[in-house]
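# Close look at the chain arrangement
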Amino acid sequence: MSNRSLLFGAATLAGSLALSLACASPAAADSKHPCFFITQWENWHATNDHTIYIRVNLKDIYRLDLSAGSQELTWPGPYHLVNVVRGSTSICTPLDFQLAVSDSHGFYQRLIVSDVTKLTPEEIDALPRKDRP
């Protein structure tokens, strides 16, 4: 076996190992964005047109910051927050959200999540009750 073939084989093995480790534990790689499954998302509340809080697993609350908000998020009425799932059902980063706000009359506006932050227990306690999901 030539040195060139051996080097290529080692590089291929190293790349495969790095890829499998990244896929096996996405939350460990970036603790700022802990993962959850979309089925664990229970409720939501928008405090303004650029901020949405979501409740996950009864006790966890995440803040979603939107790059371009929507006034419909805070208007009274039967508005729904829609998340389209494409591929994996786990949410780890802002790119995993495919959000839109919708009403019962056919209105539909896409929302772009720019940041996801899991609140600490202290931050949840500091959040006014009216703003909690």
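Residues numbered from 1 in each chain as written. Predicted model: local features only at pLDDT ≥ 70, side-chain atom pairs only at ≥ 80, totals over all residues. Heavy atoms only, no water.

## Description of the side chain of N83
Quick reminder of the rule: Secondary structure elements follow DSSP: runs of H or I of four or more residues count as helices, runs of E of two or more count as strands, with numbering from the N terminus. Note on contacts: a residue pair is in contact if any heavy atoms of the two residues lie within 4.5 Å.
Along the polypeptide, N83 turns up in strand 5 (residues 80–83). With residues near it in sequence (within four places) discarded, N83 still touches I38, W41, I91, F97, Q98 and L99.

## Concerning the environment of S70
The criterion, for reference: The term polar contact refers here to a pair of N or O atoms within 3.5 Å; inside protein, the definition further demands a hydrogen-donor-capable atom paired with an acceptor-capable atom, and it admits residues adjacent in sequence only when both atoms are side-chain atoms.
Take S70: it is sitting in the loop between strand 4 (60–66) and strand 5. Separated by 39 residues in sequence, S70 and Q109 place their C-alpha atoms 7.9 Å apart. Those residues in contact with S70, other than ones at most four positions away along the chain, are D49, V101, Q109 and L111. Reaching out from S70, the side chain makes a polar contact with the side chain of E72 at a distance of 2.6 Å.

## Quick look at the nonpolar core
Cut-off, in case you're wondering: What is meant by a nonpolar core is a set of buried Ala, Val, Leu, Ile, Met, Phe, Trp, Tyr and Cys residues, joined one to another through side-chain atoms within 4.5 Å. Only protein chains enter the accessibility calculation, which uses a 1.4 Å probe; a residue is then buried when its area is under 20% of its type maximum, exposed when over 50%, and partly exposed in between.
In this structure, I52, I54 and F97 are the most contacted members of the largest nonpolar core, which totals 20 residues. Among the elements of the structure, strand 2 (41–48), strand 3 (51–56), strand 4, strand 7 (99–102) and strand 9 (113–118) are those that each provide at least two residues to this core. Sequence-distant contacts of I54, that is, excluding residues within four places in its chain, are made with F36, W41, N43, W44, D60, I61, Y62, L64, F97 and P133. Counting five residues, the second largest nonpolar core, distinct from the first, contains I61, L119, I124 and L127.

## Concerning the sheet that holds strand 4
Where we set the bar: Only when DSSP finds a minimum of two bridges between them are two strands counted as paired. Between the N-to-C directions of two axes lies an angle of 0 to 180 degrees, each axis being a line fitted to C-alpha atoms and, for a helix, fitted only over the stretch in contact.
Spatial ordering of the open sheet is given by 2-3-4-9, a layout of four strands whose pairing is antiparallel. Two strands in the sheet have a free side with no partner beyond their single neighbour: strand 2 and strand 9. Each adjacent strand pair in this sheet contributes to an overall mean axis angle of 25°, direction not counted. Here strand 3 pairs with strand 4 via six bridges, running antiparallel. Following the sheet pairing, I54 is matched in strand 4 by Y62.

## Quick notes on unusual backbone geometry
In this structure, N57 takes a positive phi of about 55° despite not being glycine. Among the secondary structure elements, N57 is positioned in the loop between strand 3 and strand 4. The class of N57 is partly exposed, set by a relative accessible area of 33%. You will see that L58, though not glycine, has its phi angle at about 65°, which is positive. Structurally, the position occupied by L58 is in the loop between strand 3 and strand 4. Judged by its relative accessible area of 62%, L58 is exposed.

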